[in-house]
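# Topology and contacts: notes
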Amino acid sequence: MQSSATTSRGAAVAVSGLSKAFPSGDGGTITAVDHADLDIAPGGVVALTGPSGSGKSTLLHLIGAIDVPDAGAITVAGTEITASGRRALARYRRTVGFVFQRFHLLSALTARDNVIAPLLPYGKRGAGLERATELLAAVGLAGREDALPSQLSGGQQQRVAIARALVGEPGLLLADEPTGNLDSATGTEIIELLLTLNADFGTTMVIATHDPGIAARCDRTVLLRDGVITRVE
Ligand SMILES: Nc1ncnc2c1ncn2[C@@H]1O[C@H](COP(=O)(O)OP(=O)(O)OP(=O)(O)O)[C@@H](O)[C@H]1O
Ligand SMILES: [Mg+2]
């Protein structure tokens, strides 16, 4: 972590003509993302806003390659992921960190082991231990490494989830309503933390949020309506 703390490692993101439809259940389709175009510079922080059902989560899932678009292109850090095969996509997903509204921590594991968990399939527990300790300190949880999720507040659990999302040193962090389960003061703290981590590590961030105050703290706000990007400011 020491060297990366001072160097920007953010990924550039370019989305063009991106569309995704789902079956609506009544034989029709719902266009969740409709010809979306979006460019994010390395190290940028973009808020995705818009009413419920406007396509924020779908757009995040497409950018993170956990869902596949019907049309359009996504290029991240120079690689067109929409033209990548399965193995390249699996590699790509390891360069993306995800933070969710529900923290999704493993309840039987300590904070430290939750942070290390993404590295375990690659046999990197040893290196992960040190990195997890550094990251838990970076998110304000020094001394709480051995706590179980049930012993932590909601805000502290989200801090662990953010440390876990960063353990693979991602160029891109995608956060889907990361403050949605928190009271507004704690939510503000979590956004401050993400912005500090962005300044320290240069990680590009896309944050879906309903909170206009949080959106205002980001570099840019993208407004979605019925899957269409109607405004970027
Ligand atoms: N797997 C799916 N199957 C069918 N429809 C889906 C699926 N995922 C999303 N949709 C539909 O796509 C549209 C966009 O949903 P999405 O979850 O992206 O919205 P959102 O902006 O994240 O909403 P919220 O603010 O409530 O989280 C909605 O109409 C939703 O019902
Ligand atoms: Mg959503």
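Since this is a predicted model, take the numbers as computed values, not measurements.

## Let's talk about the sheet that holds strand β1 (residues 13–23)
Strand order in this open sheet of four strands is β2-β1-β4-β5, and the pairing throughout is antiparallel. Edge positions in the sheet fall to β2 (29–40) and β5 (79–80), since each of these pairs with one other strand and no more. Sheet topology note: the strand β4 (residues 71–76)/β5 ladder contains two bridges and is antiparallel. Each bridged residue has a counterpart across the sheet, and for Thr75 the counterpart in β5 is Glu80. Relative to the sheet, helix α1 (residues 56–63) contacts β1, β2 and β4, its axis offset from that of β1 by approximately 120 degrees.

## What about the site of ligand 1?
Around ligand 1, the structure places 14 residues, and the nearest of them are Ser52, Gly53, Lys56, Ser57 and Thr58. For ligand 1, an oxygen atom lies 3.4 Å from a polar atom in the side chain of Glu177. Coverage of ligand 1 by the protein chains reaches 63% of its 630 Å² of free accessible surface. Of all the secondary-structure elements, those providing two or more residues to the shell around ligand 1 are β1, β2 and α1. The leading source of residues in the shell around ligand 1 is α1, at three residues. Grouping the amino acids of the shell around ligand 1 by side-chain chemistry returns five nonpolar, seven polar and two charged.

## Structural notes on the packing of helix α5 (residues 154–166) against helix α6 (residues 184–201)
Axis separation between α5 and α6 bottoms out at 10 Å; the angle between their running directions is 25 degrees. In terms of their interaxial angle, α5 and α6 are classed as roughly parallel. Seen along the crossing, α5 lies across α6 with a hand that is right-handed. Here α5 contributes Gly155, Gln158, Arg159, Ile162 and Leu166 to the contact with α6, which in turn contributes Thr186, Glu189, Ile190, Leu193, Leu194, Leu197 and Phe201. Class assignment for the residues of the contact of α5 with α6 results in seven nonpolar, three polar and two charged.

## Remarks on the packing of aromatic side chains
In the structure shown here, the tally under the stated rule is one aromatic pair. Here the aromatic rings of Phe98 and Phe100 are separated by 5.6 Å at their centres, their planes lie at 5 degrees, and the arrangement is stacked. Accessibility expressed as a relative area gives 27% for Phe100, which makes it partly exposed.

## Looking at the nonpolar core
Counting 38 residues, the largest nonpolar core has Val115, Leu136, Val139, Val160, Ile162, Leu197 and Ile207 as the members making the most contacts within it. Of all the secondary structure elements, the ones that give two or more residues to this core are β3 (45–49), α3 (111–116), α4 (125–138), α5, β7 (172–176), α6, β8 (204–208) and α7 (212–217). When residues no more than four places from it in sequence are discounted, the contact partners of Ile162 are Val99, Val139, Ile190, Leu193, Leu194 and Leu197.

Conventions used here
Every chain's residues receive numbers from 1 upward, in the order its sequence appears when written. The naming scheme follows written order: chains are lettered A onward, ligands numbered 1 onward. For a predicted model such as this one, the threshold for reporting local features is a pLDDT of at least 70, and the threshold for listing and counting side-chain atom pairs is 80 or more; totals across whole chains, interfaces and linings nevertheless cover every residue. Hydrogens and waters are ignored; side-chain quantities use all the structure's heavy atoms. Pairing between two strands requires that DSSP report at least two bridges joining them. Put simply, DSSP marks the helices as runs of H or I at least four residues long and the strands as runs of E at least two long, and each gets a number from the N terminus on. Residue contacts are counted whenever heavy atoms from the two residues lie within 4.5 Å of one another. Between N-to-C directions, angles cover 0 to 180 degrees, with each direction set by a line fitted to C-alpha atoms, over the stretch in contact for helices. Only heavy atoms are used to decide nearness, and a residue is near a molecule or strand if one of them lies within 4 Å of it. Polar contacts here mean pairs of N or O atoms no more than 3.5 Å apart (in protein, one a potential hydrogen donor and the other a potential acceptor; neighbouring residues in sequence count only if both atoms are side-chain atoms). Surface accessibility in these figures is a Shrake-Rupley result with a 1.4 Å probe; residues are shielded only by whichever protein chains are displayed. Gly falls in the polar group here, along with every residue not listed as nonpolar (Ala, Val, Leu, Ile, Met, Phe, Trp, Tyr, Cys, Pro) or charged (Asp, Glu, Lys, Arg). Geometric relationships in this document are graded by angle, where less than 35 degrees denotes roughly parallel, more than 145 denotes roughly antiparallel, 65 to 115 denotes roughly perpendicular, and other angles denote oblique. By the definition used in this description, the sense in which the near helix is turned from the far one sets the handedness, with an anticlockwise turn below a right angle giving left-handed and a clockwise turn giving right-handed. Side-chain rings of Phe, Tyr and Trp, where Trp is taken by its six-membered ring, are said to pair if the distance between their centres is within 6.5 Å; with planes under 30 degrees apart they count as stacked, over 60 as edge-to-face, and otherwise as tilted. The cut-offs for exposure are 20% and 50% of the maximum accessible area for each residue type, with area from a 1.4 Å probe on protein chains only; residues under the lower value are buried, those over the upper are exposed, and the others partly exposed. The criterion is simple. A nonpolar core is a set of buried Ala, Val, Leu, Ile, Met, Phe, Trp, Tyr and Cys residues joined through side-chain atoms within 4.5 Å.

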